[in-house]
Amino acid sequence: MFFDSDLLMSALRALTPILLAALGGALCERAGVFNIGLEGMMLLGCFTAVTTSWFTGSPWLGVLAAALAAAAYSLILAVGAVTLRGDAVVLGIALNLLAVGLTSFLLRTVFGVQGTFDDPSLAGLPLIGGLSPLAYLAWVAVGMAALALSRHVWGLRLRGVGEAPDAAATLGVSPAKYKYAAVLVSGVLCGLAGAQLALGNVTLFSENMTAGRGWIAVVAVMLGRALPLGVLLAALLFGLAEAAGFRLQGFGLPQQATDAAPYVVTLGALFLTTARRRRRTSRRTSTSRTSTERSGATA
């Protein structure tokens, strides 16, 4: 059978890195910082997790190092976009490109190999019920983010900073501090996403191994409207698409076609969402015109 428990487990493993990174992107979006540097932060997290795990023999130290390294890397975006008021999109693209070159250079420098580093002594994350602990942490993070954004004072202030920073400043809230905090938290989550990808889903590092998952996370933020539950549903969609792609290889489809499945779903979902928003905008415009004409005729 095509749909079975193995497909579901594969989808859950595939969605975890996307979900963690997308949650970080959603927090940045709520704070008014459009973070498209998720791909680069994830990739740096992958390399740091593998390197630390290999040298120390502890995958948990690898996870911690990945979170810290990605958080430090995210400071480039925070300083550039918040303090220096630069273009967040340009900075995000620069972070992605820098991470590709930097990790490839460090792979040759540290391990003396090109392409892929795979060593039997490399310790991966333990599995609980077929999933790593980071997979369960991602689901917990969804609930915590939802509660924080809707109930906690920190989340409410974060939303206020993103929607009306000047009004928040008049109430004594520092927009810069909340924006910095959101970007740093997104860096931590992207580092965890990279650790999951490199030590949870597999146990190796390959050049550019994120393979566009950070960009998919950006789309998940857009599809989910930066809401934790919406981001979860979008990540689940892409996880199912990736798992289905792997399953289709067993039916004789070429690997290049099945690897494209998540990206085809991404483009399709983005197209449908854009079309729906345009329809809603046109309906609102026509409704407002009709009401204006009626009020003018009545006068």
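Please read all numbers here as calculations on a predicted model, not as lab measurements. (Residues numbered from 1 in each chain as written. Predicted model: local features only at pLDDT ≥ 70, side-chain atom pairs only at ≥ 80, totals over all residues. Heavy atoms only, no water.)

Asks: So what's going on with the overall build of the protein? Residues and values would help.
Replies: Across its full length, the protein holds twelve helices and two strands. Reading the protein from its N terminus to its C terminus gives the helix and strand order α-α-α-α-β-α-α-α-α-β-α-α-α-α. Taken over the C-alpha trace, the protein has a radius of gyration of 21 Å; the compact-globule value for 299 residues is 19 Å, and the two agree within 12%. For the protein, the C-alpha atoms occupy an extent of roughly 80 × 50 × 35 Å along the three principal directions. Of all 299 residues assigned to the protein, the portion counted as buried reaches 46%. (Helix = DSSP H or I, 4+ residues; strand = E, 2+ residues; numbered from the N terminus. Rg over C-alpha atoms; globule rule 2.2 N^0.38 Å. Buried < 20%, exposed > 50% of the residue type's maximum accessible area, 1.4 Å probe, protein only.)

Asks: Explain a positive patch on the surface residue by residue, including any values.
Replies: There is a patch of like positive charges on the surface, built from Arg 225, Arg 276, Arg 277, Arg 279, Arg 280 and Arg 283. Here Arg 280 shows up in helix α12 (residues 261-298). (Patch = residues over 30% accessible without salt bridge, like charges linked within 9 Å, V, L, I, M, F, W, Y side chains within 5 Å. Areas by Shrake-Rupley, 256 points an atom, 1.4 Å probe, with all protein chains shown as cover. Salt bridge = Lys/Arg side-chain N within 4 Å of Asp/Glu carboxyl O. Lys, Arg positive; Asp, Glu negative; His and termini not counted. Charge placed at Lys NZ, Arg CZ, Asp CG, Glu CD.)

Asks: Give a detailed account of the packing of aromatic side chains, specifying residues and quantitative values.
Replies: Inspection of the entire model under this criterion finds eight aromatic pairs. Geometrically, the ring pair formed by Trp 54 and Phe 111 is edge-to-face, given 5.4 Å between the ring centres and 75° between the ring planes. In this pair, Trp 54 sits in helix α2 (residues 38-56) while Phe 111 sits in helix α4 (residues 88-111), placing the two residues 57 residues apart along the sequence. In this structure Trp 54 comes out as partly exposed when scored by relative accessible area, which is 30%. The exposure class assigned to Phe 111 is buried, which follows from its relative accessible area of 14%. Grouping aromatic residues by their ring pairs yields a cluster made of Phe 47, Trp 54, Phe 55, Phe 111, Phe 117 and Phe 205. (Phe/Tyr/Trp six-rings, centres within 6.5 Å; stacked < 30°, edge-to-face > 60°.)

Asks: Can you break down the packing of α2 against α4 residue by residue, with the values?
Replies: Following both chains from N to C, one finds α2 and α4 inclined at 20°, their axes separated by 7 Å at the closest point. Looking at the two axes, α2 sits roughly parallel to α4. For the crossing formed where α2 meets α4, the hand is left-handed. Here Leu 38, Glu 39, Gly 40, Met 41, Leu 43, Leu 44, Phe 47, Thr 51, Trp 54 and Phe 55 of α2 come into contact with α4, specifically with Leu 95, Asn 96, Ala 99, Val 100, Leu 102, Thr 103, Leu 106, Leu 107, Val 110 and Phe 111. For the contact of α2 with α4, a count of residues per class yields 15 nonpolar, four polar and one charged. (Axes fitted to C-alpha atoms, helices over the stretch in contact; angles between N-to-C directions. Parallel < 35°, antiparallel > 145°, perpendicular 65-115°, else oblique. Left-handed = near helix turned anticlockwise from the far one by under 90°. Contact = heavy atoms within 4.5 Å. Nonpolar A, V, L, I, M, F, W, Y, C, P; charged D, E, K, R; others polar.)

Asks: Tell me what's going on with the packing of helix α1 (residues 5-30) against helix α10 (residues 228-249), and back it up with residues and numbers.
Replies: The contact between α1 and α10 brings their axes to 7 Å, and the two run at 140°. Between α1 and α10, the angle is such that the two are oblique. Judged by the sense of rotation from one axis to the other, the crossing of α1 with α10 is right-handed. Counting all contacts with α1, which are made through Asp 6, Leu 7, Ser 10, Ala 11, Ala 14, Leu 15, Ile 18, Leu 19, Ala 22, Leu 23 and Ala 26, the residues of α10 involved are Pro 228, Val 231, Leu 232, Ala 235, Leu 236, Phe 238, Gly 239, Leu 240, Glu 242, Ala 243, Ala 244 and Arg 247.

Asks: I'd like a rundown of the nonpolar core, residues and numbers included.
Replies: Among the nonpolar cores identified, the biggest contains 76 residues, and Leu 19, Leu 77 and Phe 205 are the most heavily contacted of them. The residues contacting Leu 19, other than those within four sequence positions of it, are Ala 138, Val 142, Val 231, Leu 232 and Ala 235. (Core = buried A, V, L, I, M, F, W, Y, C linked by side-chain atoms within 4.5 Å.)

Asks: With reference to specific residues and values, describe the side chain of Thr 16.
Replies: Inspection of the secondary structure assignment puts Thr 16 in helix α1. By relative accessible area, Thr 16 is classed as buried at 0%. In contact with Thr 16, not counting residues within four places along its chain, are Leu 134, Ala 135, Ala 138 and Gln 196.

Asks: A description of a nonpolar patch on the surface should follow, citing residues and the corresponding values.
Replies: A surface patch of nonpolar side chains, about 510 Å² in accessible area, is lined by Phe 34, Val 89, Ile 93, Leu 97, Trp 215 and Met 222. Taken together, the elements giving at least two residues each to the nonpolar patch come down to α4 and α9 (213-223). By residue number, the principal contributor to the nonpolar patch is α4, which donates three residues. Locating Phe 34 in the fold gives a position in the loop between α1 and α2.

Asks: Quick one: what's the story with unusual backbone geometry, residue by residue and with numbers?
Replies: Within the chain, Arg 85 stands out as a residue other than glycine whose phi angle is a positive 60°. With respect to the helices and strands, Arg 85 occurs in the loop between α3 (59-83) and α4. Although it is not a glycine, Ala 226 adopts a positive phi angle of roughly 60°. On the secondary structure map, Ala 226 appears in the loop between α9 and α10.

Asks: Tell me about α4, and please be specific about residues and values.
Replies: Compared with an ideal rise of 1.5 Å per residue, which puts 24 residues at 34 Å, α4 spans 33 Å between its outermost C-alpha atoms and is within 8% of the ideal. Buried residues of α4: Ala 88, Gly 92, Leu 95, Asn 96, Ala 99, Thr 103, Ser 104, Leu 107 and Phe 111, and no others. Residues of α4 that are buried in the fold lie against α2, α3, β1 (116-117), β2 (205-206) and α9. With a side-chain oxygen lying 2.9 Å from the backbone nitrogen of Val 89, the N-terminal cap of α4 falls on Asp 87. Of the residues one or two after α4, Gly 112 is the one with positive phi, at around 70°. (Expected span 1.5 Å × (residues − 1). Polar contact = N/O pair within 3.5 Å; in protein donor to acceptor, adjacent residues only side chain to side chain.)

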